[in-house]
Amino acid sequence: MWYKLSEGSDGGPGRHSPGAIRPLSPGCAAGEAAALVLVAVLWGSTGPFLRTGAAGLEEVRRRGRLRQLLAEIRFLGLNYKYMVPFLLNQGGSLLFYLTLASTDLSLAVPLCNSLALIVTLVTGRILGEDIGGKRAAAGMLLTVLGVTLCVAGS
């Protein structure tokens, strides 16, 4: 079960004292879990598309470090194949930040990061990338088992 630190109150009857820890309602916990899964999907699915969108960046050549940096920023910033996944990824980061206000950090971070890894591997496989064969599948299975244990233990 997930818990939330309650806001301060006047301590009246039926009220939580300032700093008290109270359990979240099941609907709230389900919403937070759904938000964390959405974060993992946004982070994981955009990684392979970012790699694809950044193709050709190596050919950008300018004299001087500043001109090279500005040319690379321009190349990526004007490339919709890079910017759309980038903005979706940043939307996932914003959602993660907003969800952390009401979720257990020790559960949110491993859940998002491990599920994002699995989504990255699956998305990469769908796009035709080599994901590593049987070892990658075993790693995904162990990751799912670890996340399950983490969620069950909290």
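Residues numbered from 1 in each chain as written. Predicted model: local features only at pLDDT ≥ 70, side-chain atom pairs only at ≥ 80, totals over all residues. Heavy atoms only, no water.

1. Some remarks on the pattern of salt bridges
Two side chains of opposite charge can pair, provided their charged atoms sit close to one another.
Turning to step 1, where the next piece is worked out: Taken as a whole and assessed by the stated rule, the structure comprises one salt bridge.
Turning to step 2, where the next piece is worked out: Measuring nitrogen to oxygen at the nearest pair gives 3.0 Å for the salt bridge that ties Arg51 to Glu129. On the criterion of sequence distance, the pair formed by Arg51 in helix 1 (residues 26-53) and Glu129 in the loop between helix 4 (105-126) and helix 5 (134-153) is long-range, its members being 78 residues apart.
Turning to step 3, where the next piece is worked out: The class for Glu129 is partly exposed, based on a relative accessible area of 25%. (Salt bridge = Lys/Arg side-chain N within 4 Å of Asp/Glu carboxyl O. Helix = DSSP H or I, 4+ residues; strand = E, 2+ residues; numbered from the N terminus. Buried < 20%, exposed > 50% of the residue type's maximum accessible area, 1.4 Å probe, protein only.)

2. Observations regarding the confidence of the model for the protein chain
Turning to step 1, where the next piece is worked out: Averaged over all residues, the pLDDT of the protein chain equals 81, while 81% of them reach at least 70.
Turning to step 2, where the next piece is worked out: No element of the protein chain has a lower mean pLDDT than strand 2 (residues 21-23), which averages 44, and none a higher one than helix 3 (residues 80-100), which averages 95. (pLDDT = per-residue confidence, 0-100.)

3. Comments concerning the nonpolar core
Across soluble globular proteins, nonpolar side chains have a tendency to be buried as a group.
Turning to step 1, where the next piece is worked out: Counting ten residues, the largest nonpolar core is built from Leu36, Val39, Ala40, Trp43, Phe96, Ala108, Leu111, Cys112, Ala116 and Val147.
Turning to step 2, where the next piece is worked out: Elements represented by at least two residues in this core include exactly helix 1 and helix 4.
Turning to step 3, where the next piece is worked out: Setting aside anything within four residues of it in sequence, one finds Trp43 in contact with Asn89, Gly92, Ser93, Phe96, Cys112, Asn113, Ala116 and Thr120.
Turning to step 4, where the next piece is worked out: Grouped together as the second largest cluster of nonpolar side chains are seven residues, Ala54, Leu57, Ala71 and Leu76 included. (Core = buried A, V, L, I, M, F, W, Y, C linked by side-chain atoms within 4.5 Å. Contact = heavy atoms within 4.5 Å.)

4. With respect to the side chain of Thr46
Turning to step 1, where the next piece is worked out: Assignment of secondary structure puts Thr46 in helix 1.
Turning to step 2, where the next piece is worked out: Not counting the four nearest positions on each side in its chain, Thr46 is found in contact with Pro85, Leu88 and Asn89.

5. Regarding a nonpolar patch on the surface
Turning to step 1, where the next piece is worked out: A cluster of nonpolar residues, Leu66, Leu69, Leu70 and Ile73, forms a patch on the protein surface that exposes about 400 Å² of accessible area.
Turning to step 2, where the next piece is worked out: Examined against the element boundaries, Leu66 turns out to sit in helix 2 (residues 65-77).
Turning to step 3, where the next piece is worked out: The exposure class of Leu66 is exposed, given its relative accessible area of 59%. (Patch = residues over 30% accessible without salt bridge, like charges linked within 9 Å, V, L, I, M, F, W, Y side chains within 5 Å. Areas by Shrake-Rupley, 256 points an atom, 1.4 Å probe, with all protein chains shown as cover.)

6. Quick look at helix 2
Turning to step 1, where the next piece is worked out: Taking 1.5 Å of rise per residue, the 13 residues of helix 2 would be expected to cover 18 Å, and the 18 Å separating its terminal C-alpha atoms lies within 8% of that figure.
Turning to step 2, where the next piece is worked out: Taken together, the buried positions of helix 2 are occupied by Gln68, Ala71 and Leu76. Down the axis of helix 2, the smallest arc covering the buried residues is 130°, so these residues share one side. Across helix 2 from its buried face, at more than 90 degrees, point the exposed residues Leu66, Arg67, Ile73 and Arg74.
Turning to step 3, where the next piece is worked out: Turning to helix 2, the residues buried within the fold contact helix 3. (Expected span 1.5 Å × (residues − 1). Arc of directions from axis to C-beta.)

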